[in-house]
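Chain by chain, the residues:
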Amino acid sequence: FIVGKMGLELAWEAIQSLADGTDHDVIEDVRKAAAGVPDVLDVHEVRARLSGPSIHVDLHAVVPPLISVSAAHHVGSCVRLAVLEAVPKVNDVVVHIEPPNTHGMSPATAVTNHEIETRIREVVHQATPEDTLLHIASLQYHYVPPRKGSEHGLSVEVAVAVPAGRTIATARKVSKGIRQALLVAEVAPDLRVIRVDVRLDLSDACTMLGDLQSNRSDKSWAI
């Protein structure tokens, strides 16, 4: 009987450990350490598991939605180091990085990032005459979570190169046309662009200007 009782007690302790039955003070210390890292907006789903004398921690850290992937990864590394330094009992930390309030942000059907980017590029090209757009120099977009009184969607940043010889007024017209086209386009089912930043890429123009100056040409152009 005594042996059976001891076995049950040991089994219960093991189950408690696997079921995140670690000291609540440890979990709270982990949460505070992670929340104190810059760019961490929220910490949730903190779990701690005993493995012999070691404590393994798993947590989710929410970061700003518009930071880059590499910046978000760096935040995760900082969270891990902060927890290990603040809570000596912890031997290992797994950090899951996520943007804020992702609920309801997914389109109605499975659409890949590649398909979304392709659609955005199509809209940009369709919005500009062939003789006013050389190419899309860069394109970035971010998922914007819904806020009170606003809808979720995409924030798009696109840089376009226009041919040399175009006036500033023409370049502004191109920029305005792209912006308006993206704001009314549906890039995926139930997913629209809600913010647009269009910039002019002048690298091609500057290169051409350097060639003209080196050749002492009398030709001139303006963007």
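The shown structure was predicted, so the numbers you read here are calculated from the model rather than taken from an experiment.

What counts as what
Residues numbered from 1 in each chain as written. Predicted model: local features only at pLDDT ≥ 70, side-chain atom pairs only at ≥ 80, totals over all residues. Heavy atoms only, no water. Helix = DSSP H or I, 4+ residues; strand = E, 2+ residues; numbered from the N terminus. Pairing = 2+ DSSP bridges. Axes fitted to C-alpha atoms, helices over the stretch in contact; angles between N-to-C directions. Contact = heavy atoms within 4.5 Å. Expected span 1.5 Å × (residues − 1). Buried < 20%, exposed > 50% of the residue type's maximum accessible area, 1.4 Å probe, protein only. Arc of directions from axis to C-beta. Parallel < 35°, antiparallel > 145°, perpendicular 65-115°, else oblique. Left-handed = near helix turned anticlockwise from the far one by under 90°. Nonpolar A, V, L, I, M, F, W, Y, C, P; charged D, E, K, R; others polar. Polar contact = N/O pair within 3.5 Å; in protein donor to acceptor, adjacent residues only side chain to side chain. Phe/Tyr/Trp six-rings, centres within 6.5 Å; stacked < 30°, edge-to-face > 60°.

Colleague: Any chance you could explain the overall build of the chain here in plain terms?
Modeller: The helix and strand tally for the chain stands at six helices and seven strands. Reading the secondary structure of the chain in the N-to-C direction produces α-α-β-β-α-β-α-β-β-α-β-β-α.

Colleague: Is there a simple way to explain the environment of histidine 135 in this structure?
Modeller: Looking at the secondary structure, you find histidine 135 in strand S4 (residues 135–144). Residues histidine 135 and alanine 159 lie 24 residues apart in sequence; the distance between their C-alpha atoms is 9.0 Å.

Colleague: Looking at this model, I keep getting lost on the sheet that holds strand S6 (residues 186–188). Mind explaining?
Modeller: Sheet strands line up and pair through hydrogen bonds in the backbone, either parallel or antiparallel. Spatially, S4-S5-S7-S6 is the arrangement adopted by the four strands of the open sheet, whose pairing is mixed. Here the strands that pair on one side only, and so sit at the sheet edges, are S4 and S6. This sheet shows a mean twist of 35° between the axes of neighbouring strands, independent of strand direction. Looking at chain direction, S4 and strand S5 (residues 153–161) are connected through nine bridges and run antiparallel. Each residue of the ladder has a partner; that of tyrosine 141, found in S5, is valine 156. Running at roughly 165° to strand S7 (residues 191–200), helix H5 (residues 168–184) makes contact with S5, S6 and S7 of the sheet.

Colleague: Explain helix H3 (residues 69–86) here, please?
Modeller: In an α-helix, one turn spans 3.6 residues, which is why side chains three or four residues apart end up on the same side. Taking 1.5 Å of rise per residue, the 18 residues of H3 would be expected to cover 26 Å, and the 26 Å separating its terminal C-alpha atoms lies within 8% of that figure. Among all positions in H3, only Ala72, Val75, Gly76, Val79 and Val83 are buried. One side of H3 holds all its buried residues, which, seen down the axis, span an arc of 100°. Facing away from the buried side of H3 by more than 90 degrees, the exposed set consists of Ser70, His73, His74, Leu81 and Glu85. The elements touched by buried residues of H3 are helix H2 (24–35), strand S2 (54–62) and strand S3 (90–98).

Colleague: What am I meant to see in the sheet that holds S2 here?
Modeller: Strand order in the open sheet formed by three strands is S1-S2-S3, with mixed pairing between adjacent strands. Each edge of the open sheet is held by one strand with a lone partner, namely strand S1 (42–51) and S3. Strand-to-strand twist across the sheet, computed as the mean angle between neighbouring axes with direction ignored, equals 15°. This element, H2, spans S1, S2 and S3 of the sheet and lies at about 135° to S1. Docked against the sheet, H3 engages S2 and S3, running at close to 150° with respect to S3.

Colleague: Before we go on, may I ask you to explain the packing of helix H4 (residues 113–126) against H5 in this structure?
Modeller: Axes are the key here: two packed helices are described by the angle between their axes and the distance separating the axes. Contact pair H4 / H5: the axes reach a minimum separation of 9 Å and the direction vectors enclose 135°. By the angle between their axes, H4 is oblique relative to H5. Handedness of the crossing formed by H4 with H5: right-handed. Side by side, H4 and H5 meet where Ile120, Val123 and Val124 of the first sit next to Ile178, Ala181 and Leu182 of the second. In terms of residue class, the contact of H4 with H5 is built from six nonpolar, no polar and no charged.

Colleague: In this structure, what is going on with the side chain of threonine 128? I would like to understand it.
Modeller: Take threonine 128: it is sitting in the loop between H4 and S4. Look at threonine 128 and you get buried, because its relative accessible area is 8%. Polar contacts involving the side chain of threonine 128 include one to the main-chain carbonyl oxygen of valine 124, which spans 3.1 Å. Residues contacting threonine 128, with those up to four places away along its chain left out, are Leu133, Val174 and Ile178.

Colleague: Got a minute to help me understand the packing of aromatic side chains in this structure?
Modeller: Each aromatic ring pair is summarised here by two numbers: the centre-to-centre distance and the angle between the ring planes. This structure, assessed with the given rule, holds one aromatic pair. Ring centres 6.1 Å apart and planes at 75° place the aromatic pair tyrosine 141 and tyrosine 143 in the edge-to-face group.

Coordinates in, geometry out; function isn't part of it.
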